[in-house]
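If you want the building blocks of each chain, they are given just below.
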Amino acid sequence: MDQGTTTATLREIPPLAPGDRGLPWVGRLLDYSRDPVGFYRHQWETYGPVSPFFRAGEMGVVALGPDACEAVLRNKDKAFANGPAWGQIVGPFFDRGLMLLDFEEHHAHRRILQEAFTRPRLAAYTTAMHPAIAQGMRGWDTDPQFRAYPRLKQLTLDIAADIFMGGAKDTSRAEMDRVNEAFIACVQAAAGVVRADVPLTRWGRAFRGRKVLESFLRHYLPAKRATATDDIFSVLCHIETDDGERFSDEDVVNHMIFLMMAAHDTSTITTSTMLQYLGQHPQWQQRCREESLALGPAPTMPELESLTSLDLVMKEALRLRSPVPALIRRTVKETSLLGVRIPADTGVMVGVQFSHMMEDYWTNPAVFDPERFAPHRREDKSHRMAWEPFGGGVHKCIGLYFAGLEVKSILYRLLRDYRWSVSPGYRAPLDNSSLPFPKDGSPIHLTRI
(Lines give C-alpha, C1' and ligand atoms only; values in the text may rest on other atoms or scores of the structure.)
Protein backbone atom coordinates (compact mmCIF):
# COMPACT_ATOMS: atom_id res chain seq x y z
CA MET A 1 0.00 0.00 0.00
CA ASP A 2 1.12 3.62 -0.39
CA GLN A 3 3.51 4.90 2.28
CA GLY A 4 1.53 6.00 5.30
CA THR A 5 -1.55 3.98 4.36
CA THR A 6 -2.77 1.53 7.00
CA THR A 7 -5.07 -1.46 6.69
CA ALA A 8 -7.73 0.48 8.58
CA THR A 9 -7.77 3.31 6.05
CA LEU A 10 -7.28 1.19 2.94
CA ARG A 11 -11.00 0.63 2.55
CA GLU A 12 -11.48 4.41 2.38
CA ILE A 13 -9.40 4.57 -0.81
CA PRO A 14 -11.56 4.38 -3.96
CA PRO A 15 -11.31 1.21 -6.05
CA LEU A 16 -10.32 1.13 -9.68
CA ALA A 17 -13.10 2.36 -11.95
CA PRO A 18 -14.42 -0.16 -14.49
CA GLY A 19 -13.21 0.33 -18.04
CA ASP A 20 -13.63 -0.92 -21.59
CA ARG A 21 -13.66 -4.72 -21.44
CA GLY A 22 -12.96 -5.20 -25.13
CA LEU A 23 -13.59 -8.59 -26.72
CA PRO A 24 -15.06 -11.56 -24.79
CA TRP A 25 -12.35 -13.30 -22.69
CA VAL A 26 -9.49 -11.92 -24.83
CA GLY A 27 -10.34 -8.40 -23.68
CA ARG A 28 -7.84 -5.73 -24.80
CA LEU A 29 -4.89 -8.05 -25.54
CA LEU A 30 -5.21 -7.55 -29.30
CA ASP A 31 -5.08 -3.77 -28.84
CA TYR A 32 -1.82 -4.17 -26.95
CA SER A 33 -0.27 -6.62 -29.42
CA ARG A 34 -1.09 -4.38 -32.40
CA ASP A 35 0.45 -1.24 -30.91
CA PRO A 36 1.70 -1.33 -27.29
CA VAL A 37 2.62 2.36 -27.08
CA GLY A 38 -0.68 3.35 -28.73
CA PHE A 39 -2.53 1.15 -26.23
CA TYR A 40 -0.63 2.71 -23.33
CA ARG A 41 -1.32 6.22 -24.61
CA HIS A 42 -5.06 5.46 -24.82
CA GLN A 43 -5.01 4.12 -21.25
CA TRP A 44 -3.09 7.17 -19.99
CA GLU A 45 -5.31 9.71 -21.71
CA THR A 46 -8.53 7.91 -20.73
CA TYR A 47 -7.83 6.79 -17.18
CA GLY A 48 -4.50 8.21 -15.97
CA PRO A 49 -1.52 6.40 -14.42
CA VAL A 50 -3.57 3.52 -12.94
CA SER A 51 -6.03 2.05 -15.40
CA PRO A 52 -8.24 -1.05 -15.83
CA PHE A 53 -7.20 -3.73 -18.29
CA PHE A 54 -9.46 -6.66 -19.07
CA ARG A 55 -7.67 -9.68 -20.58
CA ALA A 56 -7.75 -13.47 -20.36
CA GLY A 57 -11.11 -13.43 -18.62
CA GLU A 58 -10.18 -11.14 -15.72
CA MET A 59 -9.83 -7.47 -14.88
CA GLY A 60 -6.30 -6.30 -14.14
CA VAL A 61 -4.44 -3.02 -13.81
CA VAL A 62 -2.01 -1.08 -16.01
CA ALA A 63 0.56 1.09 -14.21
CA LEU A 64 1.86 3.91 -16.44
CA GLY A 65 4.33 6.74 -15.97
CA PRO A 66 7.48 6.77 -13.82
CA ASP A 67 5.63 7.36 -10.54
CA ALA A 68 3.29 4.39 -10.93
CA CYS A 69 6.04 2.14 -12.29
CA GLU A 70 8.32 3.08 -9.40
CA ALA A 71 5.65 2.33 -6.81
CA VAL A 72 5.12 -1.17 -8.18
CA LEU A 73 8.77 -2.01 -8.82
CA ARG A 74 10.04 -0.68 -5.47
CA ASN A 75 7.18 -2.59 -3.82
CA LYS A 76 7.59 -1.14 -0.35
CA ASP A 77 4.82 -3.15 1.28
CA LYS A 78 5.62 -6.39 -0.63
CA ALA A 79 2.17 -6.54 -2.21
CA PHE A 80 3.31 -7.07 -5.82
CA ALA A 81 4.75 -10.51 -6.61
CA ASN A 82 6.52 -11.86 -9.70
CA GLY A 83 5.92 -15.58 -9.36
CA PRO A 84 2.11 -15.65 -9.48
CA ALA A 85 2.13 -13.23 -12.45
CA TRP A 86 4.79 -14.78 -14.70
CA GLY A 87 3.73 -18.23 -13.55
CA GLN A 88 0.40 -17.82 -15.31
CA ILE A 89 1.95 -17.26 -18.73
CA VAL A 90 5.38 -18.96 -18.75
CA GLY A 91 5.61 -20.61 -15.34
CA PRO A 92 5.98 -24.24 -16.42
CA PHE A 93 8.76 -23.34 -18.86
CA PHE A 94 10.93 -21.05 -16.73
CA ASP A 95 9.99 -22.70 -13.45
CA ARG A 96 12.06 -21.55 -10.47
CA GLY A 97 14.10 -19.11 -12.55
CA LEU A 98 15.11 -15.95 -10.71
CA MET A 99 12.33 -13.89 -12.32
CA LEU A 100 9.69 -16.22 -10.87
CA LEU A 101 10.93 -16.11 -7.27
CA ASP A 102 9.82 -13.59 -4.66
CA PHE A 103 10.70 -11.99 -1.35
CA GLU A 104 13.06 -13.94 0.98
CA GLU A 105 13.55 -16.82 -1.45
CA HIS A 106 14.34 -14.44 -4.30
CA HIS A 107 16.83 -12.59 -2.09
CA ALA A 108 18.61 -15.83 -1.16
CA HIS A 109 18.90 -17.04 -4.76
CA ARG A 110 19.92 -13.63 -6.09
CA ARG A 111 22.67 -13.35 -3.48
CA ILE A 112 24.20 -16.61 -4.75
CA LEU A 113 23.67 -15.73 -8.43
CA GLN A 114 25.32 -12.35 -7.97
CA GLU A 115 28.62 -14.19 -7.49
CA ALA A 116 28.45 -15.20 -11.16
CA PHE A 117 28.34 -11.54 -12.27
CA THR A 118 31.15 -9.94 -10.29
CA ARG A 119 33.42 -7.57 -12.17
CA PRO A 120 36.35 -10.04 -12.42
CA ARG A 121 34.02 -12.70 -13.85
CA LEU A 122 32.51 -10.19 -16.30
CA ALA A 123 36.02 -9.35 -17.48
CA ALA A 124 36.70 -13.06 -18.10
CA TYR A 125 33.40 -13.49 -19.97
CA THR A 126 34.29 -10.49 -22.15
CA THR A 127 37.60 -12.06 -23.14
CA ALA A 128 35.86 -15.33 -24.03
CA MET A 129 33.24 -13.59 -26.20
CA HIS A 130 35.56 -12.34 -28.92
CA PRO A 131 36.49 -15.71 -30.50
CA ALA A 132 32.84 -16.84 -30.32
CA ILE A 133 31.70 -13.67 -32.11
CA ALA A 134 34.43 -13.91 -34.75
CA GLN A 135 33.52 -17.54 -35.43
CA GLY A 136 29.80 -16.78 -35.53
CA MET A 137 30.23 -13.97 -38.09
CA ARG A 138 32.56 -15.93 -40.33
CA GLY A 139 29.77 -16.88 -42.72
CA TRP A 140 28.31 -13.38 -42.97
CA ASP A 141 28.84 -11.78 -46.35
CA THR A 142 27.65 -8.92 -48.53
CA ASP A 143 23.89 -9.08 -48.96
CA PRO A 144 21.46 -6.28 -49.94
CA GLN A 145 18.71 -8.06 -47.98
CA PHE A 146 20.66 -9.49 -45.03
CA ARG A 147 18.11 -10.59 -42.42
CA ALA A 148 19.85 -9.36 -39.29
CA TYR A 149 17.51 -10.62 -36.58
CA PRO A 150 17.70 -14.41 -37.19
CA ARG A 151 21.46 -14.24 -37.79
CA LEU A 152 21.96 -12.29 -34.58
CA LYS A 153 19.75 -14.72 -32.68
CA GLN A 154 21.91 -17.61 -33.85
CA LEU A 155 25.03 -15.64 -32.93
CA THR A 156 23.85 -14.78 -29.42
CA LEU A 157 22.90 -18.42 -28.83
CA ASP A 158 26.41 -19.43 -29.93
CA ILE A 159 27.84 -16.87 -27.51
CA ALA A 160 25.63 -18.27 -24.76
CA ALA A 161 26.88 -21.78 -25.56
CA ASP A 162 30.46 -20.55 -25.10
CA ILE A 163 30.05 -18.25 -22.11
CA PHE A 164 27.34 -20.17 -20.29
CA MET A 165 28.25 -23.70 -21.30
CA GLY A 166 32.00 -23.53 -21.89
CA GLY A 167 31.54 -24.25 -25.57
CA ALA A 168 29.40 -27.43 -25.42
CA LYS A 169 32.03 -28.83 -27.75
CA ASP A 170 30.39 -32.21 -28.26
CA THR A 171 27.12 -30.59 -29.38
CA SER A 172 26.30 -30.48 -33.09
CA ARG A 173 24.84 -27.54 -34.97
CA ALA A 174 21.61 -29.52 -35.35
CA GLU A 175 21.40 -29.92 -31.57
CA MET A 176 22.01 -26.21 -30.99
CA ASP A 177 19.27 -25.45 -33.53
CA ARG A 178 16.93 -27.66 -31.47
CA VAL A 179 17.91 -25.74 -28.34
CA ASN A 180 17.23 -22.42 -30.08
CA GLU A 181 13.81 -23.65 -31.24
CA ALA A 182 13.08 -24.81 -27.69
CA PHE A 183 13.87 -21.37 -26.26
CA ILE A 184 11.65 -19.73 -28.89
CA ALA A 185 8.78 -22.09 -28.02
CA CYS A 186 9.11 -21.35 -24.29
CA VAL A 187 9.19 -17.57 -24.78
CA GLN A 188 6.26 -17.56 -27.20
CA ALA A 189 4.15 -19.49 -24.68
CA ALA A 190 3.41 -16.08 -23.16
CA ALA A 191 0.88 -15.49 -25.95
CA GLY A 192 -0.77 -18.89 -25.58
CA VAL A 193 -4.55 -19.00 -25.35
CA VAL A 194 -4.83 -22.70 -24.42
CA ARG A 195 -2.78 -22.97 -21.25
CA ALA A 196 -2.31 -26.72 -21.06
CA ASP A 197 -0.06 -29.37 -22.61
CA VAL A 198 -2.15 -29.69 -25.77
CA PRO A 199 -0.43 -30.64 -29.07
CA LEU A 200 -0.15 -27.96 -31.77
CA THR A 201 -0.69 -25.12 -29.27
CA ARG A 202 1.91 -22.63 -28.01
CA TRP A 203 1.88 -24.22 -24.57
CA GLY A 204 2.10 -27.70 -26.06
CA ARG A 205 5.23 -26.71 -28.01
CA ALA A 206 6.65 -25.00 -24.93
CA PHE A 207 6.21 -28.10 -22.75
CA ARG A 208 8.21 -30.08 -25.29
CA GLY A 209 10.75 -27.26 -25.52
CA ARG A 210 11.28 -27.31 -21.76
CA LYS A 211 12.04 -31.04 -21.92
CA VAL A 212 14.65 -30.40 -24.63
CA LEU A 213 16.34 -27.73 -22.51
CA GLU A 214 16.35 -29.86 -19.35
CA SER A 215 17.78 -32.85 -21.21
CA PHE A 216 20.45 -30.67 -22.85
CA LEU A 217 21.63 -29.19 -19.53
CA ARG A 218 21.42 -32.38 -17.48
CA HIS A 219 23.70 -34.07 -20.01
CA TYR A 220 26.49 -31.65 -19.02
CA LEU A 221 25.66 -31.27 -15.32
CA PRO A 222 27.87 -34.10 -13.90
CA ALA A 223 30.96 -32.80 -15.70
CA LYS A 224 30.29 -29.24 -14.55
CA ARG A 225 29.91 -30.41 -10.96
CA ALA A 226 33.15 -32.39 -11.20
CA THR A 227 35.44 -29.67 -12.56
CA ALA A 228 35.39 -25.93 -11.89
CA THR A 229 35.87 -23.83 -15.05
CA ASP A 230 35.14 -20.21 -16.01
CA ASP A 231 31.81 -20.68 -17.83
CA ILE A 232 28.60 -19.64 -16.07
CA PHE A 233 27.22 -23.21 -15.88
CA SER A 234 30.30 -24.32 -13.94
CA VAL A 235 30.23 -21.18 -11.82
CA LEU A 236 26.62 -21.88 -10.78
CA CYS A 237 27.64 -25.42 -9.84
CA HIS A 238 30.43 -24.23 -7.55
CA ILE A 239 29.64 -20.73 -6.22
CA GLU A 240 29.06 -20.43 -2.51
CA THR A 241 28.24 -17.44 -0.33
CA ASP A 242 30.17 -16.57 2.82
CA ASP A 243 27.39 -18.34 4.72
CA GLY A 244 27.92 -21.57 2.77
CA GLU A 245 24.78 -21.29 0.62
CA ARG A 246 24.95 -23.25 -2.68
CA PHE A 247 22.58 -24.30 -5.46
CA SER A 248 21.11 -27.78 -5.84
CA ASP A 249 21.17 -29.53 -9.22
CA GLU A 250 17.55 -28.48 -9.74
CA ASP A 251 18.43 -24.86 -8.94
CA VAL A 252 21.33 -24.88 -11.41
CA VAL A 253 19.21 -26.24 -14.27
CA ASN A 254 16.33 -23.85 -13.57
CA HIS A 255 18.58 -20.79 -13.40
CA MET A 256 20.54 -21.83 -16.48
CA ILE A 257 17.36 -22.14 -18.57
CA PHE A 258 16.17 -18.70 -17.49
CA LEU A 259 19.58 -16.99 -17.80
CA MET A 260 20.32 -18.42 -21.26
CA MET A 261 16.90 -17.32 -22.50
CA ALA A 262 17.26 -13.84 -21.06
CA ALA A 263 20.84 -13.44 -22.29
CA HIS A 264 20.29 -14.29 -25.92
CA ASP A 265 16.73 -13.08 -26.53
CA THR A 266 17.05 -9.59 -25.05
CA SER A 267 20.55 -9.05 -26.47
CA THR A 268 19.31 -10.05 -29.93
CA ILE A 269 16.47 -7.51 -29.79
CA THR A 270 18.78 -4.70 -28.64
CA THR A 271 21.50 -5.46 -31.18
CA SER A 272 18.95 -5.72 -34.01
CA THR A 273 17.45 -2.37 -32.99
CA MET A 274 20.89 -0.73 -32.93
CA LEU A 275 21.67 -2.09 -36.40
CA GLN A 276 18.46 -0.60 -37.73
CA TYR A 277 19.06 2.88 -36.30
CA LEU A 278 22.76 2.95 -37.16
CA GLY A 279 21.79 1.93 -40.71
CA GLN A 280 19.36 4.85 -40.86
CA HIS A 281 21.81 7.32 -39.31
CA PRO A 282 25.16 6.85 -41.08
CA GLN A 283 26.79 9.74 -39.20
CA TRP A 284 26.29 7.87 -35.93
CA GLN A 285 27.47 4.64 -37.53
CA GLN A 286 30.71 6.30 -38.63
CA ARG A 287 31.17 7.95 -35.25
CA CYS A 288 30.87 4.57 -33.53
CA ARG A 289 33.13 2.95 -36.14
CA GLU A 290 35.94 5.43 -35.54
CA GLU A 291 35.84 4.69 -31.80
CA SER A 292 35.91 0.93 -32.46
CA LEU A 293 38.80 1.18 -34.93
CA ALA A 294 40.85 2.96 -32.28
CA LEU A 295 40.87 -0.23 -30.19
CA GLY A 296 42.75 -3.47 -30.71
CA PRO A 297 41.34 -6.75 -32.12
CA ALA A 298 40.04 -8.06 -28.76
CA PRO A 299 39.12 -5.16 -26.46
CA THR A 300 39.04 -5.66 -22.73
CA MET A 301 36.03 -4.85 -20.58
CA PRO A 302 37.35 -1.34 -19.67
CA GLU A 303 38.03 -0.68 -23.37
CA LEU A 304 34.48 -1.67 -24.33
CA GLU A 305 33.18 0.57 -21.56
CA SER A 306 35.14 3.45 -23.11
CA LEU A 307 33.10 3.30 -26.35
CA THR A 308 31.09 6.40 -25.46
CA SER A 309 29.18 6.85 -28.72
CA LEU A 310 28.20 3.19 -28.86
CA ASP A 311 26.99 3.42 -25.28
CA LEU A 312 24.78 6.39 -26.16
CA VAL A 313 23.32 4.51 -29.14
CA MET A 314 22.66 1.43 -27.02
CA LYS A 315 20.81 3.44 -24.38
CA GLU A 316 18.72 5.17 -27.05
CA ALA A 317 17.88 1.82 -28.69
CA LEU A 318 16.80 0.46 -25.30
CA ARG A 319 14.60 3.51 -24.84
CA LEU A 320 12.93 3.32 -28.25
CA ARG A 321 12.44 -0.46 -28.21
CA SER A 322 12.72 -2.02 -24.80
CA PRO A 323 13.35 -5.77 -25.09
CA VAL A 324 10.83 -6.27 -22.28
CA PRO A 325 8.31 -3.44 -22.83
CA ALA A 326 6.00 -4.58 -20.03
CA LEU A 327 6.69 -6.18 -16.68
CA ILE A 328 3.97 -8.02 -14.83
CA ARG A 329 3.14 -8.53 -11.19
CA ARG A 330 0.24 -9.95 -9.16
CA THR A 331 -0.96 -8.62 -5.84
CA VAL A 332 -0.64 -11.05 -2.96
CA LYS A 333 -2.70 -8.81 -0.70
CA GLU A 334 -4.96 -5.78 -0.99
CA THR A 335 -2.96 -2.61 -1.54
CA SER A 336 -3.16 0.85 -3.08
CA LEU A 337 -1.35 2.41 -6.00
CA LEU A 338 -1.24 6.20 -6.37
CA GLY A 339 -4.51 6.60 -4.51
CA VAL A 340 -6.33 3.68 -6.17
CA ARG A 341 -7.30 0.58 -4.17
CA ILE A 342 -6.15 -2.68 -5.78
CA PRO A 343 -7.70 -5.96 -4.56
CA ALA A 344 -5.61 -8.99 -3.72
CA ASP A 345 -4.95 -11.46 -6.56
CA THR A 346 -5.04 -8.77 -9.25
CA GLY A 347 -2.76 -8.85 -12.29
CA VAL A 348 -0.69 -5.68 -12.84
CA MET A 349 1.03 -4.67 -16.09
CA VAL A 350 3.90 -2.22 -15.59
CA GLY A 351 4.21 -0.33 -18.88
CA VAL A 352 7.89 0.63 -18.78
CA GLN A 353 7.99 1.36 -22.54
CA PHE A 354 5.46 4.16 -22.18
CA SER A 355 7.69 6.03 -19.71
CA HIS A 356 10.35 6.12 -22.44
CA MET A 357 7.98 7.91 -24.83
CA MET A 358 6.50 10.57 -22.54
CA GLU A 359 7.03 14.19 -23.61
CA ASP A 360 7.11 15.25 -19.96
CA TYR A 361 10.52 13.58 -19.63
CA TRP A 362 11.98 13.38 -23.16
CA THR A 363 12.53 15.91 -25.96
CA ASN A 364 10.83 14.69 -29.16
CA PRO A 365 10.62 11.13 -27.75
CA ALA A 366 9.83 9.43 -31.08
CA VAL A 367 13.10 10.73 -32.61
CA PHE A 368 16.40 8.79 -32.54
CA ASP A 369 18.66 11.12 -30.55
CA PRO A 370 21.45 9.37 -28.59
CA GLU A 371 22.81 12.73 -27.39
CA ARG A 372 19.88 12.90 -24.98
CA PHE A 373 21.93 10.57 -22.74
CA ALA A 374 25.12 12.66 -23.01
CA PRO A 375 26.46 14.43 -19.88
CA HIS A 376 25.32 17.86 -21.05
CA ARG A 377 21.69 16.69 -21.35
CA ARG A 378 21.00 13.52 -19.34
CA GLU A 379 17.28 13.44 -20.08
CA ASP A 380 17.19 10.05 -18.39
CA LYS A 381 17.70 11.93 -15.10
CA SER A 382 14.42 13.82 -15.55
CA HIS A 383 12.92 11.18 -13.23
CA ARG A 384 14.77 8.32 -11.60
CA MET A 385 12.42 5.90 -13.35
CA ALA A 386 12.11 7.74 -16.68
CA TRP A 387 14.45 5.16 -18.27
CA GLU A 388 13.94 1.65 -16.96
CA PRO A 389 14.64 -0.97 -19.68
CA PHE A 390 16.11 -3.31 -17.05
CA GLY A 391 13.27 -2.91 -14.58
CA GLY A 392 13.80 -1.67 -11.04
CA GLY A 393 13.74 -2.59 -7.40
CA VAL A 394 14.98 -5.96 -6.15
CA HIS A 395 14.08 -7.61 -9.47
CA LYS A 396 16.21 -5.31 -11.60
CA CYS A 397 17.93 -7.40 -14.29
CA ILE A 398 20.90 -9.20 -12.72
CA GLY A 399 22.61 -9.56 -16.09
CA LEU A 400 22.38 -5.97 -17.30
CA TYR A 401 26.17 -5.39 -17.30
CA PHE A 402 26.81 -8.71 -19.02
CA ALA A 403 24.21 -7.81 -21.66
CA GLY A 404 25.81 -4.42 -22.29
CA LEU A 405 29.24 -5.99 -22.79
CA GLU A 406 27.81 -8.62 -25.13
CA VAL A 407 25.96 -6.08 -27.28
CA LYS A 408 28.99 -3.79 -27.46
CA SER A 409 31.28 -6.70 -28.38
CA ILE A 410 29.02 -7.68 -31.28
CA LEU A 411 28.63 -4.11 -32.57
CA TYR A 412 32.36 -3.47 -32.18
CA ARG A 413 33.10 -6.40 -34.52
CA LEU A 414 30.42 -5.38 -37.02
CA LEU A 415 31.61 -1.77 -37.14
CA ARG A 416 35.19 -2.81 -37.88
CA ASP A 417 34.31 -5.33 -40.61
CA TYR A 418 31.13 -4.01 -42.26
CA ARG A 419 29.06 -1.04 -43.34
CA TRP A 420 25.30 -1.28 -43.61
CA SER A 421 22.32 0.86 -44.54
CA VAL A 422 18.59 0.82 -43.89
CA SER A 423 15.96 2.89 -45.67
CA PRO A 424 15.21 6.06 -43.63
CA GLY A 425 11.50 5.32 -43.86
CA TYR A 426 11.75 1.72 -42.64
CA ARG A 427 9.73 0.80 -39.57
CA ALA A 428 10.18 -2.67 -38.16
CA PRO A 429 6.90 -4.67 -38.26
CA LEU A 430 7.02 -5.96 -34.71
CA ASP A 431 5.43 -9.09 -33.33
CA ASN A 432 4.43 -8.06 -29.79
CA SER A 433 2.81 -11.32 -28.73
CA SER A 434 5.74 -12.02 -26.39
CA LEU A 435 9.08 -10.19 -26.56
CA PRO A 436 9.03 -7.75 -29.51
CA PHE A 437 10.82 -9.02 -32.60
CA PRO A 438 10.75 -7.88 -36.27
CA LYS A 439 8.52 -10.19 -38.31
CA ASP A 440 10.51 -9.46 -41.48
CA GLY A 441 13.82 -10.41 -39.88
CA SER A 442 15.07 -6.78 -39.86
CA PRO A 443 16.66 -6.60 -43.34
CA ILE A 444 19.76 -4.45 -43.83
CA HIS A 445 22.05 -3.80 -46.80
CA LEU A 446 25.31 -5.27 -45.53
CA THR A 447 28.69 -4.78 -47.21
CA ARG A 448 32.21 -5.69 -46.12
CA ILE A 449 34.69 -2.88 -45.57
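From a predicted model like this one, the values you see are computed outputs, not experimental measurements. (Residues numbered from 1 in each chain as written. Predicted model: local features only at pLDDT ≥ 70, side-chain atom pairs only at ≥ 80, totals over all residues. Heavy atoms only, no water.)

**Student:** Which residues make up the sheet that holds strand β9 (residues 418-421), and what are the values?
**Tutor:** Read from one edge of the open sheet, 3 strands run β4-β12-β9, paired in antiparallel fashion. Among the strands making up the open sheet, the edge pair consists of β4 (143-147) and β9. When strand polarity is set aside, the average angle formed by the axes of neighbouring strands in this sheet is 45°. Sheet topology note: the β4/strand β12 (residues 443-448) ladder contains 3 bridges and is antiparallel. By the bridge assignment, Phe146 is partnered in β12 with Ile444. (Pairing = 2+ DSSP bridges. Helix = DSSP H or I, 4+ residues; strand = E, 2+ residues; numbered from the N terminus. Axes fitted to C-alpha atoms, helices over the stretch in contact; angles between N-to-C directions.)

**Student:** Account for the pattern of salt bridges, naming residues and giving values.
**Tutor:** Tallied over the entire structure, the rule returns 31 salt bridges. A salt bridge links Lys78 to Glu104, with the shortest nitrogen-to-oxygen separation between them at 3.7 Å. You can see Lys78 sitting in the loop between α4 (65-74) and β3 (80-81) and its partner Glu104 sitting in helix α6 (residues 103-113), a full 26 residues away along the chain. Residue class for Glu104 comes out exposed when judged on its relative accessible area of 58%. (Salt bridge = Lys/Arg side-chain N within 4 Å of Asp/Glu carboxyl O. Buried < 20%, exposed > 50% of the residue type's maximum accessible area, 1.4 Å probe, protein only.)

**Student:** So what's going on with helix α8 (residues 148-165)? Which residues, and what values?
**Tutor:** In this model α8 runs 24 Å from its N-terminal to its C-terminal C-alpha over 18 residues, within 8% of the 26 Å that 1.5 Å per residue would give. With 14 of its 18 residues buried, α8 lies for the most part within the structure. Following α8 by one or two positions, Gly166 adopts a phi angle in the positive range, close to 75°. (Expected span 1.5 Å × (residues − 1).)

**Student:** Kindly report on the environment of Pro120, identifying the contributing residues and their values.
**Tutor:** Take Pro120: it is sitting in helix α7 (residues 119-136). Separated by 99 residues in the primary sequence, Pro120 and His219 have C-alpha atoms spaced 28 Å apart.

**Student:** Quick rundown of the environment of Asp158? Include the residues and the values.
**Tutor:** On the secondary structure map, Asp158 appears in helix α8. Look at Asp158 and you get buried, because its relative accessible area is 15%. Residues Asp158 and Asn180 lie 22 residues apart in sequence; the distance between their C-alpha atoms is 9.7 Å.

**Student:** An account of a nonpolar patch on the surface is needed here, citing residue identities and associated values.
**Tutor:** Where nonpolar side chains cluster on the molecular surface, the patch consists of Trp25, Val193, Val194 and Val198 and spans about 350 Å² of accessible area. Within the secondary structure, Trp25 sits in the loop between α1 (7-10) and α2 (29-34). Note on Trp25: relative accessible area 42%, which makes it partly exposed. (Patch = residues over 30% accessible without salt bridge, like charges linked within 9 Å, V, L, I, M, F, W, Y side chains within 5 Å. Areas by Shrake-Rupley, 256 points an atom, 1.4 Å probe, with all protein chains shown as cover.)

**Student:** So what's going on with the side chain of His395? Which residues, and what values?
**Tutor:** Within the fold, His395 resides in the loop between α16 (352-355) and α17 (400-417). Side-chain polar atoms of His395 contact the backbone oxygen of Leu101, separated by 3.3 Å. When near neighbours in sequence (up to four residues on either side) are disregarded, His395 contacts Asn82, Leu98, Met99, Leu101, Asp102, His106, Arg110 and Arg329. (Polar contact = N/O pair within 3.5 Å; in protein donor to acceptor, adjacent residues only side chain to side chain. Contact = heavy atoms within 4.5 Å.)

**Student:** Break down helix α3 (residues 36-47) for me, citing the residues and quoting the values.
**Tutor:** Taking 1.5 Å of rise per residue, the 12 residues of α3 would be expected to cover 16 Å, and the 16 Å separating its terminal C-alpha atoms lies within 8% of that figure. For α3, the set of buried residues is Pro36, Val37, Phe39, Tyr40 and Gln43. Burial along α3 is one-sided: seen end-on, the buried residues are contained in an arc of 160°. On the buried face of α3, the contacting elements are α2, β1 (50-55), β2 (58-63), β8 (347-350) and α16. After α3 finishes, the residue Gly48 shows a positive phi value of roughly 100°. (Arc of directions from axis to C-beta.)

**Student:** With reference to specific residues and values, describe the layout of surface pockets.
**Tutor:** Estimates place the volume of the second largest pocket at around 900 Å³. When contributions to the lining of the second largest pocket are tallied by element, the ones reaching two or more residues are α4, α7, α14 (301-305), α15 (308-320) and α17. It is α15 that contributes the most residues to the lining of the second largest pocket, 6 residues altogether. In terms of residue class, the lining of the second largest pocket is made up of 16 nonpolar, 5 polar and 13 charged. (1 Å grid on protein atoms, 1.4 Å probe; cavity = no way out; pocket = protein on both sides within 12 Å on 5 of 7 lines; lining within 4 Å. Points joined across faces, edges and corners; volume = space filled by probe spheres on them. Nonpolar A, V, L, I, M, F, W, Y, C, P; charged D, E, K, R; others polar.)

**Student:** So what's going on with the nonpolar core? Residues and values would help.
**Tutor:** With 119 residues, the main nonpolar core has Phe164, Leu236, Met256 and Trp420 as its most contacted residues. It is helix α12 (residues 249-280) that contributes the most residues to this core, 14 residues altogether. Those residues in contact with Leu236 that sit more than four places away from it in its chain are Leu113, Ala116, Phe247, Val252, His255, Met256 and Leu259. (Core = buried A, V, L, I, M, F, W, Y, C linked by side-chain atoms within 4.5 Å.)

**Student:** Could you give an account of the sheet that holds β2, naming the residues involved and the relevant values?
**Tutor:** With mixed pairing, the 5 strands of this open sheet are ordered in space as β1-β2-β8-β5-β3. The sheet terminates laterally at β1 and β3, the two strands that pair on one side only. In this structure, β2 lies alongside β8, joined through 3 bridges in parallel fashion. Across the sheet, the residue bridging to Val62 is Met349, located in β8. Against the sheet, helix α5 (residues 83-90) contacts β1, β2, β3 and β5 (327-331), and its axis sits at roughly 120° relative to β5.

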